[in-house]
Amino acid sequence: MLKKVSLLAAGLLASVLAWAAPTVEMTTNLGKITLELYSDKAPKTVEFFLYNAKHGFYESTIFHRVIDGFMIQGGGFNQSMTEKKVLTPALKSEATNGLTNDRGTVAMARTSDPHSAKVQFFVNLKDNNFLNHRTTNDPQGWGYTVLDRKSVV
């Protein structure tokens, strides 16, 4: 009987952990940042982000674009400013998920094509409402896909 109880308890623990939001710890020269990802709101974006992290893509990347009072961007270049070879295809935008580019959130960087985000991301240093989804009728209104739960401040 004891053996059955311990197996059941282990099964319940695994089920509870499966529902927990995935996290990623980013180590920078200024300290560690923990991202708690919205796998329920941005499933493909989170899946690709985790795939790249798991396969070491983000090792030795830098924050290559810093705009005080706006955002810091990273994830695509190494320390010699050489663009890293991308492991995953461009993502279909998930910016229609209701998440907003508030201070401390992380979103995917992209070109003017709403469906071009690959590996680069940015940290919002303030509430950037103009980066939120507004409309799918105009590429300017698509917004930027937020993928974490405001873990960075």
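Residues numbered from 1 in each chain as written. Predicted model: local features only at pLDDT ≥ 70, side-chain atom pairs only at ≥ 80, totals over all residues. Heavy atoms only, no water.

A. Spatial organisation of the overall build of the chain. When you go through the chain residue by residue, the secondary structure sums to 2 helices and 6 strands. Across the chain, helices and strands are ordered from the amino to the carboxyl terminus as α-β-β-α-β-β-β-β. Per-residue burial over the chain gives 38% buried out of 153 residues. Counting contacts in the chain only where the partners sit at least 6 residues apart, residues at least 24 apart contribute 62% of the total. As displayed, the chain has an accessible area near 9,300 Å², and 56% of this comes from carbon and sulfur atoms. (Helix = DSSP H or I, 4+ residues; strand = E, 2+ residues; numbered from the N terminus. Buried < 20%, exposed > 50% of the residue type's maximum accessible area, 1.4 Å probe, protein only. Contact = heavy atoms within 4.5 Å. Areas by Shrake-Rupley, 256 points an atom, 1.4 Å probe, with all protein chains shown as cover.)

B. Looking closely at the sheet that holds strand β4 (residues 71-78). Strand order in the open sheet formed by 4 strands is β3-β4-β6-β5, and the pairing between neighbours is antiparallel. Each of the sheet's edge strands pairs with one partner strand only, and the pair in question is β3 (61-67) and β5 (106-108). On average, each strand axis in the sheet is inclined to that of its neighbour by 30°, with strand direction left out of account. (Pairing = 2+ DSSP bridges. Axes fitted to C-alpha atoms, helices over the stretch in contact; angles between N-to-C directions.)

C. Molecular detail of the nonpolar core. Core analysis: the largest hydrophobic core is formed by 20 residues, its most contacted members being Leu35, Leu37, Phe49, Met108, Phe121 and Leu147. When residues of this core are traced back to their parent elements, those giving at least two are β1 (23-28), β2 (31-36), α2 (43-54), β5 and β6 (121-124). Of the residues forming this core, the biggest block, 3 residues, is contributed by α2. Not counting residues within four places of it along the chain, the set of residues in contact with Leu147 comprises Glu36, Leu37, Tyr38, Thr45, Val46, Phe49, Val106, Ala107 and Met108. By size, the runner-up hydrophobic cluster in this structure holds 9 residues, among which are Met71, Leu99, Leu131 and Val146. (Core = buried A, V, L, I, M, F, W, Y, C linked by side-chain atoms within 4.5 Å.)

D. How the structure looks around the pairing of β4. Burial within β4 is extensive, with 7 of its 8 residues counted as buried. Where β3 meets β4, 5 bridges bridge the pair, whose relative direction is antiparallel. When the sheet's bridge partners are listed, Phe63 is paired in β4 with Gly74. Between β3 and the antiparallel strand that follows it, β4, lie 3 residues; Gly69 among them carries a positive phi value of about 75°. With 4 bridges connecting them, β4 and β6 associate as antiparallel partners.

E. Inspection of the pattern of salt bridges at higher detail. A complete count under the given rule lists 4 salt bridges for this structure. Between Asp40 and Arg149 there is a salt bridge, with the nearest N and O atoms lying 3.6 Å from each other. With Asp40 in the loop between β2 and α2 and Arg149 in the segment after β6, this residue pair connects regions lying 109 residues apart in the sequence. Classification of Asp40 as exposed rests on a relative accessible area of 54%. Within this structure, Glu36, Asp40 and Arg149 form a network of salt bridges that share partners. (Salt bridge = Lys/Arg side-chain N within 4 Å of Asp/Glu carboxyl O.)

F. Looking closely at the confidence of the model for the chain. Per-residue confidence for the chain averages 86 on the pLDDT scale, and 85% of its residues sit at or above 70. Least confident of the elements in the chain is helix α1 (residues 2-19), whose mean pLDDT is 43; most confident is β5, at 97. (pLDDT = per-residue confidence, 0-100.)

G. Representation of the packing of aromatic side chains within the structure. Considering all chains together, one arrives at 7 aromatic pairs under this definition. With 5.8 Å between their ring centres and 80° between their planes, Phe49 and Phe121 make a pair best called edge-to-face. Linking Phe49 in helix α2 with Phe121 in strand β6, this pair joins segments that are 72 residues apart in sequence. The exposure class of Phe121 is buried, given its relative accessible area of 4%. Ring pairs connect the aromatic residues Phe49, Phe57, Tyr58, Phe63 and Phe121, which therefore count as one cluster. The ring of Phe57 is capped by Lys84, whose NZ or CZ atom sits 5.0 Å from the centre of that ring. The lysine or arginine in question, Arg110, covers the ring of Tyr144, its NZ or CZ lying 4.1 Å from the ring centre. (Phe/Tyr/Trp six-rings, centres within 6.5 Å; stacked < 30°, edge-to-face > 60°. Lys NZ or Arg CZ within 6 Å of the ring centre and 35° of its normal.)

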